[in-house]
Amino acid sequence: MTLAHQQRGEQPSLQVIPGNTRRPRTKISHWVVFALAVTIAFFGLIYSRISLDHSAFEIQELEEQIAIQEELHWQLRYELAQIQDPALLEGQIADLGMIYPDQRVALSVPVVSIDELDPDYRWAQLEAILSAQP
């Protein structure tokens, strides 16, 4: 035993060397990382739910507008059918004094060659017609 005790005594003692003061690395517990991941996932699900609800509200609003426009379309088609009713038109035509002619009248227009017409006059007529339109 004395021999083993002597060998321990011969070993140099530990010395503290001044200089680098190292702090031990802080360890993040696996539970903290898991809790953080669950929290992020929870808020991600909330955000996705909100965006889906927002999209659903927009779709519902568009469907309501489509229904209104379809109703208006069919109402206008109904009014157009009423206006074009032959029985109704016959009475209105008779009130205006429009009747079918008893005989046909033939119209004849003399042929005019292109050389006889002045191009500037034709363009002036065309411009007058087009400028008179609303």
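Residues numbered from 1 in each chain as written. Predicted model: local features only at pLDDT ≥ 70, side-chain atom pairs only at ≥ 80, totals over all residues. Heavy atoms only, no water.

A.B. asks: Before we move on, can you summarise the overall build of the chain with the specific residues and values?
C.D. replies: In terms of helices and strands, the chain carries four helices and zero strands. Along the chain direction, N to C, the helices and strands of the chain fall in the order α-α-α-α. Burial status across the chain gives 0% buried among its 134 residues. Summed over all atoms, the accessible surface of the chain reaches about 14,600 Å², with 62% contributed by carbon and sulfur. (Helix = DSSP H or I, 4+ residues; strand = E, 2+ residues; numbered from the N terminus. Buried < 20%, exposed > 50% of the residue type's maximum accessible area, 1.4 Å probe, protein only. Areas by Shrake-Rupley, 256 points an atom, 1.4 Å probe, with all protein chains shown as cover.)

A.B. asks: Talk me through the packing of aromatic side chains; I want residue IDs and the actual numbers.
C.D. replies: Per the counting criterion, the structure on display carries two aromatic pairs. Plain terms: the ring middles of Trp31 and Phe34 are 6.2 Å apart, the flat faces sit at 90° to each other, and that makes the pair edge-to-face. One end of the pair is Trp31 and the other is Phe34, both in helix H2 (residues 30–83) and three residues apart, which spans about a single turn. Both residues of the pair, Trp31 and Phe34, count as exposed. Taking 5.7 Å as the distance between ring centres and 70° as the angle between the ring planes, the aromatic pair formed by Phe42 and Phe43 counts as edge-to-face. (Phe/Tyr/Trp six-rings, centres within 6.5 Å; stacked < 30°, edge-to-face > 60°.)

A.B. asks: Explain the pattern of salt bridges to me, using residue names and the numbers behind them.
C.D. replies: Taken as a whole and judged by the stated rule, the model has one salt bridge. With its nearest N and O atoms 3.6 Å apart, the salt bridge here joins Asp53 to Arg49. On the criterion of helical spacing, the pair formed by Asp53 and Arg49 is a turn pair, its members being four residues apart in helix H2. (Salt bridge = Lys/Arg side-chain N within 4 Å of Asp/Glu carboxyl O.)

A.B. asks: How would you explain a nonpolar patch on the surface if you had to name every residue and give the values?
C.D. replies: A cluster of nonpolar side chains, namely Phe42, Phe43, Ile46 and Ile50, defines an oily patch on the protein surface of about 410 Å² accessible area. Within the secondary structure layout, Phe42 lies in helix H2. (Patch = residues over 30% accessible without salt bridge, like charges linked within 9 Å, V, L, I, M, F, W, Y side chains within 5 Å.)

A.B. asks: Break down helix H4 (residues 119–132) for me, citing the residues and quoting the values.
C.D. replies: End to end, H4 covers 20 Å across 14 residues, agreeing with the expected 20 Å (1.5 Å per residue, within 8%). For H4, a buried count of zero out of 14 residues is recorded, marking the element as mostly open to its surroundings. (Expected span 1.5 Å × (residues − 1).)

A.B. asks: Got a sec to walk through the confidence of the model for the chain? Specific residues and values, please.
C.D. replies: Taken residue by residue, the chain gives an average pLDDT of 83. The fraction at 70 or more is 81%. Confidence, expressed as mean pLDDT per element, reaches its minimum in the chain at helix H1 (residues 2–10) with 55 and its maximum at H2 with 93. (pLDDT = per-residue confidence, 0-100.)

A.B. asks: Got a sec to walk through a negative patch on the surface? Specific residues and values, please.
C.D. replies: Where like charges cluster on the molecular surface, the negative patch consists of Glu58, Glu61, Glu63 and Glu64. Mapped onto the fold, Glu63 is located in helix H2. (Lys, Arg positive; Asp, Glu negative; His and termini not counted. Charge placed at Lys NZ, Arg CZ, Asp CG, Glu CD.)

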